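Chain by chain, the residues:
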Protein chains: 4
Amino acid sequence: MTVRRPIVGVMGASRASEEHLRHARALGRLIATHGWILLTGGRAEGVMEAAASGAKEVAGSLTVGILPDRDSPVAEGVDIPIVTDLGDARNTVNVLSCKAIIACGVEGAGTASEVALAIKAGVPVVLLACPPEAVSLFQRLGRGLVHAVHTPEAAVSVLADRIGIPLHAPWPV
Amino acid sequence: MTVRRPIVGVMGASRASEEHLRHARALGRLIATHGWILLTGGRAEGVMEAAASGAKEVAGSLTVGILPDRDSPVAEGVDIPIVTDLGDARNTVNVLSCKAIIACGVEGAGTASEVALAIKAGVPVVLLACPPEAVSLFQRLGRGLVHAVHTPEAAVSVLADRIGIPLHAPWPV
Amino acid sequence: MTVRRPIVGVMGASRASEEHLRHARALGRLIATHGWILLTGGRAEGVMEAAASGAKEVAGSLTVGILPDRDSPVAEGVDIPIVTDLGDARNTVNVLSCKAIIACGVEGAGTASEVALAIKAGVPVVLLACPPEAVSLFQRLGRGLVHAVHTPEAAVSVLADRIGIPLHAPWPV
Amino acid sequence: MTVRRPIVGVMGASRASEEHLRHARALGRLIATHGWILLTGGRAEGVMEAAASGAKEVAGSLTVGILPDRDSPVAEGVDIPIVTDLGDARNTVNVLSCKAIIACGVEGAGTASEVALAIKAGVPVVLLACPPEAVSLFQRLGRGLVHAVHTPEAAVSVLADRIGIPLHAPWPV
């Protein structure tokens, strides 16, 4: 039988601070532990790489990477690389495929675009350790879709408890 | 001979306030007067429609609309409708085709995504009458690419004087 | 007043034979003479370049190029370069924006994809000097949408007479 | 450890003949048995649905569906639905993500576009039970990339033996 596990996105900068990288790794681990599929931008850099690595520490984890092009190195933790060759237009694919996304900082314009596109598409967003002006702008634009938290644990709690993404057993069931 | 006139984008909400609509119309007029081609999201709503209408008040103006799909009504002021069927992924096309974009308010998440995508792509952005948290976030992310102004005239001055987009005679030369 | 002139696409190989290049140049000229806007893939190569050059021999012509990325040189005859950064996904934009497309040979897989995407989207196709197996395949798939001709004049006649694209005065009216 | 299993695409019509549906189901089963990930267009119709169902008959199979939009019903056999909202521009994503694709008939223009886009991208193609004019056209365009076969078993043999896609143990290893 098909096991359609929820997909959760983790977005963040390719050149991220130590704090955000630590958060990303924890998020990957927590998402995998909840039995969710992790989706990232797939590249072997920054938050994308850290989140995928974190997930792969958990047995039964499953990770998808939506690559901007065919030349970008793929993060080692990505099980399923989807190659788009769409450049930044692939950011819409990232958010539309997820039940919710977590922005692990808003250190780059790419992440900001993904948060905005998620809001536009009605996909819930959790802003993890983001600066106040980002929280303020996106909560005004997001009208209830946007949550701000300070720890990876709180981010995943919002997904499970407030957004209601159901827990799954790790693969295989 | 080919006349490659600079293309300038005006982005803004489909449901915009009166102030932003007035600004958009003025921007369209000023852009056309400078001999630039106006590019918008093309739909018959809000800032897109107002900017296109403003441009078409000027003889020799030329307007391009990048439509998200085939079903959206096209603004009357659009000379050249480009149909993408890419949904919000067309936002990258909007910004990549322009020498610079002007955000006529950041009232919706679509506009916020376009500002972020422009920064990501290295396309200069002018924020016209935008809230302080948007200015603060995007100027931090944009490192010199993002200008904030309060009037349509100032927006167009930034494009001509600071960004250095050359004036052209209105079509035909 | 807005002048919404019909947009007609000319598709073909970047490395085209002499015959197809001659056809492309003639098509550009004829399309411009009919007052239609010419749309191509925009690059400074092959059929794209030849068609745009042909159109610009006609006073009042208007040409749009839908570029795959920001690095491709733009054909000199393109008035309005639209930059997509979508790679070959921009082929759908090419066909959706046109009232009809003319395939000037099917010498490359890119052109074949555009013919197929046009059929899928319900956009009429004229195959100009295409090999019999291409005509046979696409007419079977196209169920009445696909016409085969041997000269540029016949291609444009099909557009004007059978498909019914109205003639316009060259710009400006 | 990350298990990067090869991804193989099966493309075909949403309204397919009985023969092609039977083939698609067999292909899904064979691909899963080889430990490859099956990728399809994801919708609950025709070849897409049949291939995904076939794969899910095999324990440890993994199936990805690249959906054109958010409204299309997802085939029950799809484990990982990737939502693009790109319309037919998603066809490039389908082919770029695969080591090779199998066209299960060329009954529709969408499949023809995917074969052409695969050739353009250098992705090997197997044409299964396709009409002679399609084989002739695509082999001419594909210069060695395009193989024609008559049975699902032969299609998968080409992938394993001639294209050299390595076999994997079914998930989990």
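Everything that follows concerns the structure shown earlier in this document.
Here we summarise the structure given alongside this text. (Residues numbered from 1 in each chain as written. Chains lettered and ligands numbered in written order. Predicted model: local features only at pLDDT ≥ 70, side-chain atom pairs only at ≥ 80, totals over all residues. Heavy atoms only, no water.)

1. A few points about the overall build of chain A
Logical step 1: Within chain A, the secondary structure is distributed over six helices and seven strands.
Logical step 2: Ordered by position from the N terminus, the helices and strands of chain A form the series β-α-β-α-β-β-α-β-α-β-α-β-α.
Logical step 3: Taken over the C-alpha trace, chain A has a radius of gyration of 14 Å; the compact-globule value for 173 residues is 16 Å, and the two agree within 12%.
Logical step 4: When its C-alpha atoms are laid out on the principal axes, chain A stretches across 40 × 35 × 30 Å.
Logical step 5: Counting across all 173 residues of chain A, residues that qualify as buried make up 68%.
Logical step 6: Summarising the internal contacts of chain A: among those between residues at least 6 apart in sequence, 63% fall at separations of at least 24.
Logical step 7: Within chain A, the 16 negative side-chain charges are centred at a point lying 8 Å from the centre of the 15 positive side-chain charges. (Helix = DSSP H or I, 4+ residues; strand = E, 2+ residues; numbered from the N terminus. Rg over C-alpha atoms; globule rule 2.2 N^0.38 Å. Buried < 20%, exposed > 50% of the residue type's maximum accessible area, 1.4 Å probe, protein only. Contact = heavy atoms within 4.5 Å. Lys, Arg positive; Asp, Glu negative; His and termini not counted. Charge placed at Lys NZ, Arg CZ, Asp CG, Glu CD.)

2. Focus: unusual backbone geometry
Logical step 1: The phi torsion at Asp85(B) lies on the positive side, around 55°, for a residue other than glycine.
Logical step 2: Positionally, Asp85(B) belongs in the loop between strand 4 (80-83) and helix 3 (90-96).
Logical step 3: The residue Ala129(D) is not glycine, and still its phi comes out positive at about 55°.
Logical step 4: One can find Ala129(D) in the loop between strand 6 (125-128) and helix 5 (132-142).
Logical step 5: Judged by relative accessible area, Ala129(D) falls into the buried class, the value being 19%.

3. Quick word on helix 4 (residues 109-121) of chain C
Residues spaced three or four apart along an α-helix face the same direction, because each turn holds 3.6 residues.
Residue and element names in this part refer to chain C.
Logical step 1: Between its first and last C-alpha atoms helix 4 spans 18 Å; for 13 residues at 1.5 Å apiece the expected length is 18 Å, and the two agree.
Logical step 2: With 12 of 13 residues buried, helix 4 lies mostly within the body of the structure.
Logical step 3: All of the buried residues in helix 4 are Ala 109, Gly 110, Thr 111, Ala 112, Ser 113, Glu 114, Val 115, Ala 116, Leu 117, Ala 118, Ile 119 and Ala 121.
Logical step 4: Of the residues flanking the end of helix 4, it is Gly 122, one or two places downstream, whose phi is positive at about 80°. (Expected span 1.5 Å × (residues − 1).)

4. Section: the layout of surface pockets
Logical step 1: The computed volume of the largest pocket comes to approximately 760 Å³.
Logical step 2: In terms of lining residues, the largest pocket is bounded by 37 residues, among which Ser14(C), Arg43(C), Asp88(C), Gly110(C) and Lys120(D) are the most central.
Logical step 3: Listed by contribution, the elements that provide at least two residues to the lining of the largest pocket are strand 1 (7-11), helix 3 (90-96) and helix 4 of chain C together with helix 4 (109-121) and helix 5 of chain D.
Logical step 4: The biggest single contributor to the lining of the largest pocket is helix 4 of chain C, with four residues.
Logical step 5: Class assignment of the residues belonging to the lining of the largest pocket gives a composition of 12 nonpolar, 11 polar and 14 charged. (1 Å grid on protein atoms, 1.4 Å probe; cavity = no way out; pocket = protein on both sides within 12 Å on 5 of 7 lines; lining within 4 Å. Points joined across faces, edges and corners; volume = space filled by probe spheres on them. Nonpolar A, V, L, I, M, F, W, Y, C, P; charged D, E, K, R; others polar.)

5. Description of the pattern of salt bridges
Logical step 1: Counted according to the given criterion, the structure contains 24 salt bridges over all chains.
Logical step 2: For Glu133(A), the salt bridge is made with Arg140(B), and the minimal N-O distance between the two is 3.2 Å. Highlighted residues: Glu133(A) in helix 5 (residues 132-142) and Arg140(B) in helix 5 (residues 132-142), drawn from two different chains.
Logical step 3: Looking at Glu133(A), the relative accessible area reads 14%, which means it is buried.
Logical step 4: Exposure remark for Arg140(B): the relative accessible area of 36% places this residue in the partly exposed category.
Logical step 5: The shortest N-O distance in the salt bridge between Glu57(D) and Arg25(D) comes to 2.5 Å. (Salt bridge = Lys/Arg side-chain N within 4 Å of Asp/Glu carboxyl O.)

6. Describing the relation of the copies chain C and chain A
Logical step 1: Overlay of chain C on chain A (RMSD 0.0 Å): rotation 180°, translation along the axis 0.0 Å. Both chain copies can therefore be described as sitting about a two-fold axis. Scanning chain C for the C-alpha nearest the rotation axis identifies Leu86(C), at a separation of 2.1 Å.
Logical step 2: Interface overlap between copies: 100% of the residues of chain C at the interface are likewise at the interface in chain A, consistent with a symmetric, same-surface contact. (Least-squares fit on C-alpha atoms with pLDDT ≥ 70 in both.)

7. Quick word on the relation of the copies chain D and chain A
Logical step 1: You can overlay chain D on chain A at an RMSD of 0.0 Å; the transform is a turn of 180° with a shift of 0.0 Å along its axis.
Logical step 2: Here 100% of the interface residues in chain D have copies in chain A that are interface residues too; the copies meet face to matching face.

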